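# Structure assessment
Listed below are the residues making up each chain.
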Amino acid sequence: MEWHGSAQGGRMGWLAVALGVSGAGFLPFFPVVSLTLFIAGVACAFFVKVNVTIDASAVRVSGPIGFPRVAFPFSRIAAVTAIEVRPMKVGGWGYRGSLTVFRRAAWVVRGGPGLQLDLRDGRRFVVTVDDAEAAARFVSSRHDVEPE
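Residues numbered from 1 in each chain as written. Predicted model: local features only at pLDDT ≥ 70, side-chain atom pairs only at ≥ 80, totals over all residues. Heavy atoms only, no water.

## Topic: the pairing of strand β2 (residues 49-54)
This is how the line gets drawn: Here the term buried applies to any residue with accessible area under 20% of the maximum for its type, exposed to any over 50%, and partly exposed to those in between, with areas from a 1.4 Å probe on protein chains only. Helix numbering and strand numbering both begin at the N terminus, where a helix is a DSSP run of H or I of at least 4 residues and a strand a DSSP run of E of at least 2. Whether two strands pair depends on DSSP finding at least two bridges between them.
By the criterion of burial, β2 is predominantly enclosed, with five of the six residues buried. Sheet topology note: the strand β1 (residues 3-8)/β2 ladder contains six bridges and is antiparallel. Note on β2: the bridge partner recorded for G5 is V52. Bridge analysis of β2 against strand β3 (residues 58-62) gives four bridges, and the strand direction is antiparallel. Among the inter-strand pairings, I54 is bridged to a residue of β3, identified as V59. Between β2 and the antiparallel strand that follows it, β3, lie three residues.

Next up, the structure:
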């Protein structure tokens, strides 16, 4: 049995489109600027939607085409909490932070419901996902993870 959820953010989508269109518009005049804007638009497109899958062994988070992606085996998760995500409190939209460097990371596509994973090594990962309370219940009811 698996749980699937997702969240989609309008701001990143509009930004990706605006950068792509701007890049195309500048192509005849400023090819380097055009290429830079196009690459930035493609990068933003990876963070327009986030998918969360919880299966028998892990919480898996991925972008709209399955990339980028991260996975958190249940053996690493100490607690799971459904929270209200405020983008500016976690650094903004997109993938913010670093679990390796800052011990905190967030994948934010919009404000609203989200899932907070407190890892056993003291690190924390936050992801926006619709019906985060159901995801937290799913994890805590099936695995040795504390709900908060």
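## Side note on a nonpolar patch on the surface
Heads up, the rule is: Like-charged residues are merged into a patch within 9 Å and nonpolar side chains (Val, Leu, Ile, Met, Phe, Trp, Tyr) within 5 Å, provided each residue has over 30% relative accessible area and no salt bridge. Methods summary: accessible areas were calculated by the Shrake-Rupley approach with a probe of 1.4 Å, and residue burial reflects only the protein chains presented. In what follows, salt bridge is the name for a side-chain nitrogen of Lys or Arg lying within 4 Å of a carboxyl oxygen of Asp or Glu.
On the surface, F26, F29, F30 and V33 cluster together to form a nonpolar patch covering roughly 400 Å² of accessible area. With respect to the helices and strands, the residue F26 is situated in helix α1 (residues 10-26). With a relative accessible area of 34%, F26 lands in the partly exposed category.

## Some thoughts on the pattern of salt bridges
Considering all chains together, one arrives at five salt bridges under this definition. One salt bridge in this structure joins D130 and R110, with 2.5 Å as the shortest N-O distance. Residue D130 is located in the loop between β9 (124-128) and α3 (132-142), and its partner R110 is located in the loop between β7 (104-108) and β8 (112-119); the two are separated by 20 residues in the primary sequence.

## Here's the deal with helix α2 (residues 31-45)
Formally: What a helix should span is 1.5 Å times the count of its residues minus one. The directions considered for the arc run from the helix axis to the C-beta atoms. Contact definition: two residues touch when any of their heavy atoms are within 4.5 Å.
With 15 residues, α2 ought to run about 21 Å at 1.5 Å a step, and its terminal C-alpha atoms sit 21 Å apart, in line with that. Within the sequence span of α2, burial applies to S34, L37, G41 and C44. Along the axis of α2, the buried positions cluster into a sector of 90°, meaning they face one direction only. Exposed residues lying more than 90 degrees from the buried face of α2 are V32, L35 and I39. Where α2 is buried, its residues touch α1.

## Focus on the environment of C44
Examined against the element boundaries, C44 turns out to sit in helix α2. Given a relative accessible area of 12%, C44 falls into the buried group. Apart from the residues within four sequence positions on either side, C44 is in contact with M12, L15, A16 and L19.

## With respect to the environment of A7
By secondary structure assignment, the location of A7 is in strand β1. Taking the C-alpha atoms as reference, A7 lies 5.6 Å from D130; in sequence the two are 123 residues apart.

## Examining the nonpolar core
Rules: Grouping buried Ala, Val, Leu, Ile, Met, Phe, Trp, Tyr and Cys residues that are joined through side-chain atoms within 4.5 Å yields what is termed a nonpolar core.
In this structure, I54, V59, L117 and F125 are the most contacted members of the largest nonpolar core, which totals 34 residues. At six residues, the largest contribution of residues to this core is made by α3. Setting aside its immediate chain neighbours within four residues, F125 contacts V61, V70, F72, Y95, L99, A105, W107, L115, Q116 and L117.

## Quick notes on α1
Across its 17 residues, α1 extends 24 Å between first and last C-alpha, which sits within 8% of the 24 Å expected from 1.5 Å per residue. Taken residue by residue, α1 has M12, A16, L19 and G23 as its buried positions. Buried residues along α1 cover an arc of 70° about the axis, so they all sit on one side. With respect to the buried face of α1, the exposed residues turned more than 90 degrees away are R11, W14, V21 and A24. Looking at the packing, one finds that the buried side of α1 touches α2 and β6 (94-98).

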